[in-house]
Protein chains: 2
Amino acid sequence: MKDVQNHIVPGMTHWLSPNFFAFFPATVSSAAFIGEMLCNCFNSVGFNWLASPAMTELEMIVMDWLANMLKLPKTFMFSGTGGGVLQSTTSEAILCTLIAARDRKLDNIGVDNIGKLVVYGSDQTHSTYTKACKVAGIFPCNIRAVPTFIESDFALSPVVLRGIIEADIAAGLVPLFLCATVGTTSTTAVDPLSQLGQLAEEFNIWFHVDAAYGGSACICPEFRQYLDGIERANSLSLSPHKWLLSYLDCCCMWVREPNVLVKALSTNPEYLRNKRSEYDSVVDYKDWQIGTGRKFKSLRLWFVMRSYGVANLQSHIRSDVRMAKMFEGFVKSDPMFDVVVPRRFSLVCFRFNPNKEHESGYTEFLNKKLLDSVNSTGRIYMTHTIVSGIYMLRFAVGATFTEDRHVISAWKLIKESAIALLRKSVF
Amino acid sequence: MKDVQNHIVPGMTHWLSPNFFAFFPATVSSAAFIGEMLCNCFNSVGFNWLASPAMTELEMIVMDWLANMLKLPKTFMFSGTGGGVLQSTTSEAILCTLIAARDRKLDNIGVDNIGKLVVYGSDQTHSTYTKACKVAGIFPCNIRAVPTFIESDFALSPVVLRGIIEADIAAGLVPLFLCATVGTTSTTAVDPLSQLGQLAEEFNIWFHVDAAYGGSACICPEFRQYLDGIERANSLSLSPHKWLLSYLDCCCMWVREPNVLVKALSTNPEYLRNKRSEYDSVVDYKDWQIGTGRKFKSLRLWFVMRSYGVANLQSHIRSDVRMAKMFEGFVKSDPMFDVVVPRRFSLVCFRFNPNKEHESGYTEFLNKKLLDSVNSTGRIYMTHTIVSGIYMLRFAVGATFTEDRHVISAWKLIKESAIALLRKSVF
């Protein structure tokens, strides 16, 4: 333990620091901590129902509960005709649904036509989507990243997408999969699910919604609109390890047709065969994921949901959004700074722009300097992005222990650093 | 907590019970428990070096340490020319190396030829291998499961394999990947790595060794022979969550050419770009795995290795093997039972065969009855397998708290149940 203190801690990036405003926060809670300790205490390996019945059944219950909190249609619930599963990461969730979609399509058109399958996302879709598509054997030349624009807040345009799909079909290709995002990583853009879902239905495309970050906010009525149209999706993923206090790694995935998923991912070796799986149609979660072994992760979510309750979880989301709003207010009220993209959740994308220039190399240079200068103090940690050529700073509020005073100090530090930078520079 | 006691615990399969002899055990230790608690306390997300430097660096150290314990060649170590990474499961490890192999091959022959790629394993290779191959877009008709036989202890025969490879090449197909196993799931068979490695080199096939279970034993000199020839492998996976006391989920994977892996799996979105990744050639583990996010898993292994030391870890392995040997002795000394496959590690494959019949339906029927009867007492838990048409019972010793007395009681129960079954039966 002394070595942890002396050799590990000094070399870490402290994701749980209240002054962590980088990437998206990974949130925690005592409730989930106890859930995870229990999971380890049991160390059960729940690859199928028989290997640990309560483990499978609690996961089914918890997935339905969260689906209810999100007001998902019954078609995604075990109590309806669908169901959910806990994956490690969004990458895995996307890969699993993609394989389900791919294999159903190839059953129709023949495996030899794998080179004709085309997948769609926007240039704001998480990089892991492209990676999952490549892993699944989609030809790199058939992965479309539809360009987005600042005028439409970097959302995927159904009109542009339709044109691309039609061109692909005209070229003899076969549209397979569309991934829309609720809360993109760069700027928390939200793609228009309803219209995209209609398009996907029209062209018989598997429609996946990646709500890794933004989905959690949708437990609040005022944010639920961002999931409108979800009834048209074939699958949905959302990562409570981001914003629902549940520790890494915990990604929820729901599907409308579990049998398509299971058909693509099932294995049936003799040493795992058992009467319950064969005759009682229990859920064997190994057939809902890439790997075989799996932990009792649902305990964490069960503990979080039961300890907090819906109202307190909503308050937790609202508190982060309120602090982000406060920060946005600081930026807006300062003529030397711009909010680059309208804030939607708890991320503020802004830049230092004292001369009110547009997309100039100088502004980028200045903001890079500012980011370096702020981060090198070690007092806070922020990251950046570039979207449509615009370099901007990302201030992501929501580390579990962040309070108003941390946001206020952070803004003070950013502003002081910016002024110091201006003074030092000969520009 | 009361609900956990009342509603969860009664519905679980108790993997940590000393009377658990099913599947392969998943072992634990106080050292790893503390390591995992610390991992959660930090909740760091180490997708790249910058996101948590100590996390990446400790993982590199720990992977080299374990490689040293296994006497792996330097070509698998960071201190040599290779390196290792922690994955969740063998499935992920195989999938990652397969994608690396696939993409390197497709770079040469063109992505259009994906349908020509052939992969090889035996009919004893874990079912997850076939699944990983399908996920990676290998055509199901190109996945070869080479038949194995009881005469050669269910090991993959290089002679048979050569014939199949040559036939594939003659048919215009392209051999891609060979997965050998050290300790198969059904019977702990060990494939002959040296000869298979030579074959793989000759045909320019990526050679992966899945030592998920058996690999851990190879920290003992008397078992190290099973890894002889590993220097010919391109990659190796081993799951300390099985036999090295480190909780789920923890699978070690080493590769000889990290650059091939990274080329296939790297992503480079703007929001993760940083100077260290670009100029200092640090390790960014997101490019060694399917997902982006990752936990600080190496703490567990670090704690285990430092708390136990090599000698105590060897004793732990030997103690399990000794207990399995004792059980094997019980079976051998009883004329009503057979040991079906020679015991190699800590799994005994046996059957009740009072009339010394061969592969008869009656023997299978009897052993199914015996398994049901034993398991239904709730006093121990065993599983079965069928290999080459022979139904057998698997007695896997090694749950963390198992002592001699548990093995002795288990044998007593099995024997009593068998006798009761004979008395009851009219056969």
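Calculation criteria
- Residues numbered from 1 in each chain as written.
- Chains lettered and ligands numbered in written order.
- Predicted model: local features only at pLDDT ≥ 70, side-chain atom pairs only at ≥ 80, totals over all residues.
- Heavy atoms only, no water.
- Helix = DSSP H or I, 4+ residues; strand = E, 2+ residues; numbered from the N terminus.
- Rg over C-alpha atoms; globule rule 2.2 N^0.38 Å.
- Buried < 20%, exposed > 50% of the residue type's maximum accessible area, 1.4 Å probe, protein only.
- Contact = heavy atoms within 4.5 Å.
- Areas by Shrake-Rupley, 256 points an atom, 1.4 Å probe, with all protein chains shown as cover.
- Pairing = 2+ DSSP bridges.
- Axes fitted to C-alpha atoms, helices over the stretch in contact; angles between N-to-C directions.
- Parallel < 35°, antiparallel > 145°, perpendicular 65-115°, else oblique.
- Left-handed = near helix turned anticlockwise from the far one by under 90°.
- Nonpolar A, V, L, I, M, F, W, Y, C, P; charged D, E, K, R; others polar.
- Buried area = accessible area lost by both parts, 1.4 Å probe.
- Salt bridge = Lys/Arg side-chain N within 4 Å of Asp/Glu carboxyl O.
- Polar contact = N/O pair within 3.5 Å; in protein donor to acceptor, adjacent residues only side chain to side chain.
- Phe/Tyr/Trp six-rings, centres within 6.5 Å; stacked < 30°, edge-to-face > 60°.
- Expected span 1.5 Å × (residues − 1).
- Least-squares fit on C-alpha atoms with pLDDT ≥ 70 in both.
- UniProt positions renumbered as here; feature names shortened; annotations may be inferred.
- Domains from an automatic or database assignment.

Chemist: Please explain the overall build of chain A as it appears in this structure.
Modeler: Counting its regular elements, chain A contains 14 helices and eleven strands. For chain A, the C-alpha radius of gyration of 23 Å lies close to 22 Å, the compact-globule estimate for 427 residues. Counting only C-alpha atoms, chain A reaches 75 × 60 × 40 Å along its principal axes. When the 427 residues of chain A are sorted by exposure, 64% land in the buried category. Residue pairs at least 24 apart in sequence account for 72% of intrachain contacts in chain A once pairs closer than 6 positions are excluded. Accessible area for chain A stands at about 14,800 Å²; split by element, carbon and sulfur atoms hold 54% of it.

Chemist: Teacher, can you tell me more about the pairing of strand S4 (residues 174–181) of chain B here?
Modeler: The side chains of a regular strand alternate between the sheet's two faces. Residue and element names in this part refer to chain B. Most of S4 sits out of view: eight of its eight residues are buried. Two elements, strand S2 (residues 117–122) and S4, share four bridges in a ladder whose sense is parallel. Within S4, the residue paired with leucine 117 across the bridge is valine 174. With five bridges connecting them, S4 and strand S5 (residues 206–210) associate as parallel partners.

Chemist: What should I look at first to understand the packing of helix H6 (residues 158–170) of chain A against helix H7 (residues 193–202) of chain A in this one?
Modeler: The packing of two helices is summarised by the inter-axis angle and the distance between the axes. All names here are of chain A. Following both chains from N to C, one finds H6 and H7 inclined at 15 degrees, their axes separated by 10 Å at the closest point. It follows that H6 is roughly parallel to H7 by the angle criterion. At the point where H6 passes H7, the crossing takes the right-handed sense. In this structure, H6 contributes Pro158, Leu161, Arg162 and Ile165 to the contact, and H7 contributes Gln195, Leu196, Leu199 and Glu202. Tallied by class, the residues present in the contact of H6 with H7 amount to five nonpolar, one polar and two charged.

Chemist: Can you help me understand the interface of chain B and chain A in this one?
Modeler: Note: interface size is frequently given as the accessible area lost on complex formation between the parts. Facing the 83 residues of chain B at the interface are 83 residues of chain A. With both sides pooled, the region where chain B packs onto chain A buries about 7,100 Å², and carbon together with sulfur makes up 65% of that total. When the buried area of chain B at its contact with chain A is split by residue, Lys131, Leu248 and Tyr271 of chain B rank highest and sum to 11% of it. Our count for the chain B to chain A interface comes out at four salt bridges. Note that aspartate 3 of chain A and arginine 306 of chain B form a salt bridge whose closest N and O atoms lie 2.6 Å from each other. Seen at the junction of chain B and chain A, the total is 28 residue pairs in polar contact (both at pLDDT 80 or more). Counting only elements with at least two residues in the side of chain B that touches chain A, the list comes to helix H1 (2–8), helix H2 (30–42), helix H3 (53–69), helix H4 (90–109), helix H5 (127–135), helix H12 (298–332) and strand S10 (383–387) of chain B. Examining the composition of the side of chain B that touches chain A, we find that eight residues originate from one element, H2 of chain B, more than from any other. Across the side of chain B that touches chain A, the residue classes tally to 43 nonpolar, 23 polar and 17 charged.

Chemist: Before we go on, may I ask you to explain the packing of aromatic side chains in this structure?
Modeler: The description of two aromatic rings rests on the distance between their centres and on the angle between their planes. Residues and elements named next belong to chain A. Here the structure, examined in full by the defined rule, presents 56 aromatic pairs over all chains. With 6.1 Å between their ring centres and 25 degrees between their planes, tyrosine 129 and phenylalanine 177 make a pair best called stacked. Here phenylalanine 177 lies in strand S4 (residues 174–181) and tyrosine 129 lies in helix H5 (residues 127–135), a separation of 48 residues in the sequence. Residues tyrosine 129 and phenylalanine 177 agree in their burial class; the two are buried.

Chemist: I'm lost on H3 of chain B in this one. Help?
Modeler: Since the α-helix advances by 3.6 residues per turn, residues separated by three or four positions end up pointing in the same direction. Residues and elements named next belong to chain B. Under the 1.5 Å per step criterion, the end-to-end length of H3 is 25 Å for 17 residues, consistent within 8% with the ideal 24 Å. Within H3, 13 of the 17 residues are buried, leaving the element largely enclosed by the surrounding structure. Note on H3: the residue one or two positions beyond its end, lysine 71, has a positive phi of about 55 degrees.

Chemist: What should I look at first to understand the relation of the copies chain B and chain A in this one?
Modeler: When chain B is fitted to chain A, the best match, at an RMSD of 0.0 Å, comes from turning it 180 degrees and sliding it 0.0 Å along the axis. Within this description, the copies of the chain are treated as partners about a two-fold rotation axis. Taken as a fraction of all interface residues of chain B, those also at the interface in chain A reach 100%, which identifies the copy contact as same-surface.

Chemist: Honestly, the UniProt feature "modified residue: N6-(pyridoxal phosphate)lysine" (unreviewed entry) in chain A in this entry has me stumped. Any pointers?
Modeler: Residue and element names in this part refer to chain A. Annotation from UniProt places "modified residue: N6-(pyridoxal phosphate)lysine" (unreviewed entry) at Lys242. Relative to the helices and strands, lysine 242 is located in helix H9 (residues 240–243). What lysine 242 contacts, discounting residues up to four positions off in sequence, is Phe24, Pro25, Ala26, Thr27, Ala212 and Tyr213.

Chemist: What is the right way to look at the side chain of glutamate 36 of chain A in this model?
Modeler: Residue and element names in this part refer to chain A. Here glutamate 36 is to be found in helix H2 (residues 30–42). Given the relative accessible area of 0%, glutamate 36 is considered buried. Among the polar contacts listed, one links the side chain of glutamate 36 to the side chain of arginine 300, at a separation of 2.9 Å.

Chemist: Would you take a moment to explain the domain arrangement of chain A for this structure?
Modeler: All names here are of chain A. Parsing chain A into structural domains produces domain 1 (2–26 + 310–424) and domain 2 (45–294). In this structure, domain 1 and domain 2 have C-alpha centres spaced 31 Å apart. Taken together, the contact pairs 25 residues of domain 1 with 30 residues of domain 2. Surface buried jointly by domain 1 and domain 2 totals about 2,500 Å² across both partners, of which 69% is contributed by carbon and sulfur atoms. A per-residue breakdown of the area domain 1 buries against domain 2 is headed by Phe24, Arg344 and Phe345, which together make up 30% of the total. We note a salt bridge from aspartate 153 to arginine 344, for which the minimum N-O separation is 3.8 Å. One can count nine residue pairs in polar contact (both at pLDDT 80 or more) joining domain 1 with domain 2. Here the element with the most residues in the side of domain 1 that touches domain 2 is helix H12 (residues 298–332); it accounts for eight residues.

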